[in-house]
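Structural overview
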Amino acid sequence: MIFLDKDWEVDDTPQYFSNAIEEVYEWCSWKDVEVCINNPQFYELEFIDKGEKLQMPLSPRVWSAPHINKKDCYKLFEDGVGMIINNFQFVSKKKQMILGELERQFSVDAGMHVYCGLEEHGSFNIHEDYAHNFIIQIEGETDWTVYNNRASYLVPKYDGKIDESKLDVAIDVTMKSGDVLYIPARTYHRAMPKGKRLSLSIPMASI
């Protein structure tokens, strides 16, 4: 299994693993993305523009909960807006098996999210997340900055703009296909895709 070159029992710092995965398309492919866009009722699709999530209209359905219309999804995606696919592990049994192996390895609950776009698209501003996260670059290049600073669990998640002058850089790297990045929970970070991009995020929470 991957992600073994680290003493996890005493080291929870951010880490960059270069060329960690060879068969990247087993983890995610553009064909998988197409399946998700064509079936928005099964996946929580979100779109990012200028660092913020777009508020998308939902179409009523008599056979399922309201969800984004796939025509709207295709239009935004083709216009170069960044897209997030949540619940991505349900696209195939193979993805669920891969995720299950990681859950057993680290004794966590985990999920799979896809971040993708056809052009140089924006991503989120500097922020932190409650989950630990592995980022796998599938295709394209993305500039990543991860900071040494972590928000305390004594304070709620901050949704405003972070003053970057308060932060100390831990990792500043351009991720390429097969590279993996580990971001500990509540660690500040930012991604800047350089063009067409396909990457997989695996958020994890301790059981």
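Structure: above.
Residues numbered from 1 in each chain as written. Predicted model: local features only at pLDDT ≥ 70, side-chain atom pairs only at ≥ 80, totals over all residues. Heavy atoms only, no water.

1. Thoughts on helix H3 (residues 93–106)
Going by this rule: Put simply, DSSP H or I for four residues or longer makes a helix, DSSP E for two residues or longer makes a strand, and each gets a number counted from the N terminus. Multiplying 1.5 Å by the residue count of a helix minus one yields the expected span of that helix. Under the scheme applied here, a residue whose accessible area is under 20% of the maximum for its type counts as buried, over 50% as exposed, and between as partly exposed, the area being computed with a 1.4 Å probe on protein chains only. Contacts are assigned to residue pairs that have any heavy atoms within 4.5 Å of one another.
With 14 residues, H3 ought to run about 20 Å at 1.5 Å a step, and its terminal C-alpha atoms sit 20 Å apart, in line with that. Considered for burial, the residues of H3 that qualify are Lys95, Ile98, Leu99, Gly100 and Leu102. Structurally, H3 contributes buried residues whose contacts are with helix H1 (30–38), strand S5 (108–110) and strand S12 (197–206).

2. Looking at the sheet that holds strand S9 (residues 169–175)
The following threshold applies: Pairing between strands requires that DSSP locate at least two bridges from one strand to the other. Lines fitted to C-alpha atoms define the axes here, with helix axes fitted over just the stretch in contact, and angles between the N-to-C directions of these axes take values from 0 to 180 degrees.
Strands sit in the order S9-S8-S11 across an open sheet of 3 strands; the sheet is antiparallel. On the outer flanks of this sheet lie S9 and strand S11 (187–193), each paired with one strand and no other. Put simply, the sheet's adjacent strands are angled 10 degrees from each other on average, direction ignored. Bridge count between strand S8 (residues 142–150) and S11: 6 bridges; the pairing is antiparallel. Within S11, the residue paired with Asp143 across the bridge is Met192.

3. Describing the packing of aromatic side chains
So the rule is basically this: Note on aromatic pairs: the rings of Phe, Tyr and Trp (six-membered ring only in Trp) are paired at centre separations within 6.5 Å, and the planes decide the class, stacked below 30 degrees, edge-to-face beyond 60, tilted for the rest.
Enumeration according to the criterion identifies 7 aromatic pairs in this entry. Ring centres of Phe134 and Tyr182 lie 5.2 Å apart, and the angle between their planes is 45 degrees; on these two criteria the pair is classed as tilted. Of the two residues, Phe134 sits in strand S7 (residues 132–139) while Tyr182 sits in strand S10 (residues 180–183), which places them 48 residues apart along the sequence. Through a chain of ring-to-ring contacts, the aromatic side chains of Trp8, Phe106, Phe134 and Tyr182 assemble into a single cluster.

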